[in-house]
Amino acid sequence: MTDTKRRCVCPGSFDPVTLGHIDVFTRASAAFDEVVVAVLVNIAKPGRFAMGHRLDLLRRATADLPRVRVATFDGLLVDFCRREGIGTILKGVRSGADVEYEAPMAHMNRELAGVDTMFLPARPEWSFVSSSLVAEAARFGADIRQYLPPAVAEEIAAGLRPANR
Ligand code: PNS
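We now turn to the structure provided with this report. Keep in mind the model is a prediction, meaning the values are calculated, not measured.

Criteria and cut-off values
Residues numbered from 1 in each chain as written. Predicted model: local features only at pLDDT ≥ 70, side-chain atom pairs only at ≥ 80, totals over all residues. Heavy atoms only, no water. Near = heavy atom within 4 Å. Polar contact = N/O pair within 3.5 Å; in protein donor to acceptor, adjacent residues only side chain to side chain. Areas by Shrake-Rupley, 256 points an atom, 1.4 Å probe, with all protein chains shown as cover. 1 Å grid on protein atoms, 1.4 Å probe; cavity = no way out; pocket = protein on both sides within 12 Å on 5 of 7 lines; lining within 4 Å. Sits in = over half its atoms within 2 Å of the grid points. Helix = DSSP H or I, 4+ residues; strand = E, 2+ residues; numbered from the N terminus. Salt bridge = Lys/Arg side-chain N within 4 Å of Asp/Glu carboxyl O. Buried < 20%, exposed > 50% of the residue type's maximum accessible area, 1.4 Å probe, protein only. Phe/Tyr/Trp six-rings, centres within 6.5 Å; stacked < 30°, edge-to-face > 60°. Axes fitted to C-alpha atoms, helices over the stretch in contact; angles between N-to-C directions. Parallel < 35°, antiparallel > 145°, perpendicular 65-115°, else oblique. Left-handed = near helix turned anticlockwise from the far one by under 90°. Contact = heavy atoms within 4.5 Å. Nonpolar A, V, L, I, M, F, W, Y, C, P; charged D, E, K, R; others polar.

## Describing the site of the ligand
Here's step 1: Near the ligand the following residues occur: Pro 11, Gly 12, Ser 13, Leu 40, Phe 73, Gly 75, Leu 76, Leu 77, Lys 91, Met 108 and Asn 109.
Here's step 2: Ser 13 has a polar side-chain atom sitting 2.6 Å from an oxygen atom of the ligand.
Here's step 3: Take Leu 77: an N or O atom from its main chain is 2.8 Å from an oxygen atom of the ligand.
Here's step 4: When the ligand sits alone it has 550 Å² of accessible area, and the protein chains cover 71% of it.
Here's step 5: With respect to the detected pockets, the ligand is housed in the largest pocket.
Here's step 6: Contributing elements (two or more residues each) for the shell around the ligand: β1 (7-12) and α4 (96-113).

## Remarks on the pattern of salt bridges
Here's step 1: Per the counting criterion, the structure on display carries 19 salt bridges.
Here's step 2: For Glu 154, the salt bridge goes to Arg 145, with nearest N and O atoms at 3.0 Å.
Here's step 3: Assessed through its relative accessible area of 38%, Glu 154 is described here as partly exposed.
Here's step 4: Judged by relative accessible area, which is 38%, Arg 145 ranks as partly exposed.
Here's step 5: Each of Asp 3, Arg 7, Glu 34, Arg 69 and Glu 84 takes part in one network of salt bridges that share partners.

## Considering the packing of aromatic side chains
Here's step 1: Counting across every chain of the model gives three aromatic pairs.
Here's step 2: With 5.6 Å between their ring centres and 35 degrees between their planes, Phe 73 and Phe 80 make a pair best called tilted.
Here's step 3: Since its relative accessible area comes to 2%, Phe 80 is described here as buried.
Here's step 4: Ring plane angle 85 degrees and centroid distance 5.8 Å describe the contact between Phe 128 and Tyr 147, whose orientation is recorded as edge-to-face. Of this pair, Phe 128 sits in the loop between β5 (116-121) and α5 (131-139) while Tyr 147 sits in the loop between α5 and α6 (150-160); the two residues are 19 residues apart in sequence, bridging distant segments of the chain.

## Some words on unusual backbone geometry
Here's step 1: A cis amide bond links Asp 15 to the next residue, Pro 16, at an omega of 5 degrees.
Here's step 2: Note on placement: Pro 16 falls in the loop between β1 and α1 (19-29).
Here's step 3: We note that Phe 14 has phi near 50 degrees; this positive angle belongs to a residue other than glycine.
Here's step 4: Residue position: Phe 14 is located in the loop between β1 and α1.

## Points about the packing of helix α3 (residues 77-84) against α4
Here's step 1: Running from N to C, α3 and α4 cross one another at 50 degrees; their axes reach a closest spacing of 10 Å. On the basis of their axis angle, the class for α3 and α4 is oblique. As for how α3 packs across α4, the hand of that crossing is right-handed. Judged by residue contacts, Leu 77, Val 78 and Arg 82 of α3 engage Asn 109, Leu 112 and Ala 113 from α4.
Here's step 2: Classifying every residue of the contact of α3 with α4 gives four nonpolar, one polar and one charged.

Here is the structure:
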């Protein structure tokens, strides 16, 4: 049978997932049959949260989004897209700086494999939120739970508290 599902991939490190990410997945779910949230496995960059923990947090944070599937990939994103039958890369962008950073990758991915990238502007309330800023604020004692998916906010906050880093 022919697979007619329209799929997109939201790739990233998600270290950790924030409400900005969840907003992108939610809006992508309205436009695609399947939204594959793909976490880059980067052995050279272990990150703040272990890969298994990041995946678990993502799965629990997206449990009420039935079109979302969480996966991992290494190597080229476009090779993952080919293997998974994904036609579109979808990226949330918070600012012009994000677009500038993302555009060369988008062009390269299109050149390499004909896979196009769509940019989704972040909602204003999340336009300054990033995993790294949230982690930095937490490291210096700030309460960052308001930027995190409620189902996993306490767990992420605890993992970022100075005593645990
Ligand atoms: O959340 P991040 O760290 O900004 O995500 C970056 C990511 C994973 C989207 C990007 O580094 C990526 O796609 N890496 C896979 C290798 C690849 O395909 N690079 C682009 C070739 S132009």
